[in-house]
Amino acid sequence: MTSVVDTPLLELSGLTWETRGALRGLSPDPLTLAQGRAAVVVAADSAEADAFADLLLGLEMPVGGRIRLGGEEITMRLPTERAIGLVPAGAGLLPHLTVEQNLALAARGDDLAPSFVHGRVAFMARRMDIQGFLRSRPHELAHDERLSVALARALCRLVPVKVMVIEDRTGCGPCHAAVSAALRTDPSLAVLVVTDDRTRVASLAAPSRFWEVADVAEP
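Residues numbered from 1 in each chain as written. Predicted model: local features only at pLDDT ≥ 70, side-chain atom pairs only at ≥ 80, totals over all residues. Heavy atoms only, no water.

### Some thoughts on the pairing of strand β4 (residues 38-42)
Put simply, the test is: Each residue is placed in one exposure class: buried if its accessible area under a 1.4 Å probe, protein chains only, is under 20% of its type's maximum, exposed if it is over 50%, and partly exposed if it falls in between. What counts as a helix is a DSSP run of H or I of at least four residues, what counts as a strand is a run of E of at least two, and both are numbered from the N terminus. Two strands qualify as a pair provided that DSSP identifies no fewer than 2 bridges between them.
Across the 5 residues that make up β4, a large majority, 5, are buried. Residues A38, V40 and V42 line one face of β4 and the alternating positions A39 and V41 line the opposite face, and both faces are buried. Here 5 bridges tie β4 to strand β9 (residues 190-195), and the two strands are oriented parallel to one another. Following the sheet pairing, V40 is matched in β9 by V193. As paired strands, β4 and strand β10 (residues 210-215) are joined by 3 bridges and run parallel to one another. Across the sheet, the residue bridging to V41 is W211, located in β10.

### Focus: helix α5 (residues 176-185)
Defined as follows: Throughout, a contact is declared for two residues whenever any of their heavy atoms are within 4.5 Å.
Inspection of α5 places A178, V179, A181, A182 and T185 among the buried residues, and these make up the whole buried set. In this fold, the buried residues of α5 make contact with β4, α3 (114-128), α4 (143-155), β8 (163-168), β9 and α6 (201-204).

### Focus on the pairing of strand β1 (residues 10-19)
Burial analysis of β1 places 7 of its 10 residues in the buried class, the great majority of the element. As judged from the 3 bridges shared by β1 and strand β3 (residues 31-33), these two strands associate in the antiparallel manner. From the neighbouring strand, L12 faces β3, where its bridge partner is L31. Strand direction decides the pairing type here: β1 and strand β5 (residues 64-69), joined by 5 bridges, are antiparallel. Bridging from a neighbouring strand, E11 pairs with R68 of β5. Two strands pair when backbone bridges link them, and β1 and strand β2 (residues 22-27) are joined in this way by 4 bridges, in the antiparallel orientation. Opposite T16, over in β2, you have G25 as the bridge partner. Connecting β1 to the next strand, β2, in antiparallel fashion are 2 residues, including R20 with a positive phi near 50°.

Rendered as structure tokens:
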């Protein structure tokens, strides 16, 4: 009998990019991540971590290599065309808006009726169990509550999210609650934590799902 090998949901192979004039890559190579799993990429500092996250989100282009999602290459796709969501370090919510307004910004589209946006926000609020503070502003929430709102905001996007990138930075509260909530809310998601804090790695993912940003020798 021939065994069936599952295709990884996310695969980064031979990926290289530039940060501060130096060529960077992942060690080991490739990075593969399946549905329902969490992995961690550790960078030396916040600038390195930001550069790698921007690469995944399509805000920057790589020097070489491929990004594949669900078996389909997305290396050169625009951010709005990628099924990759983001929970920024510290949640990244707009402080002058309520929770409901923060979610609505993510759910809006050019041709969408306000009733559709309102319904999507209400659905995601129930799904994430954050109905109780839709009218609150970010500063009124605890750290883990803000992360839940940021996660809900990412899931409100019109392009369904398959991979959730969660930023973890030195000086910000830990992101463990967001990782757990993402996997619990949607078991088909894969979660990739991008951190510059090596002390948190062991509590975020198993050793087999840990990668580092490393120097790459110039060809």
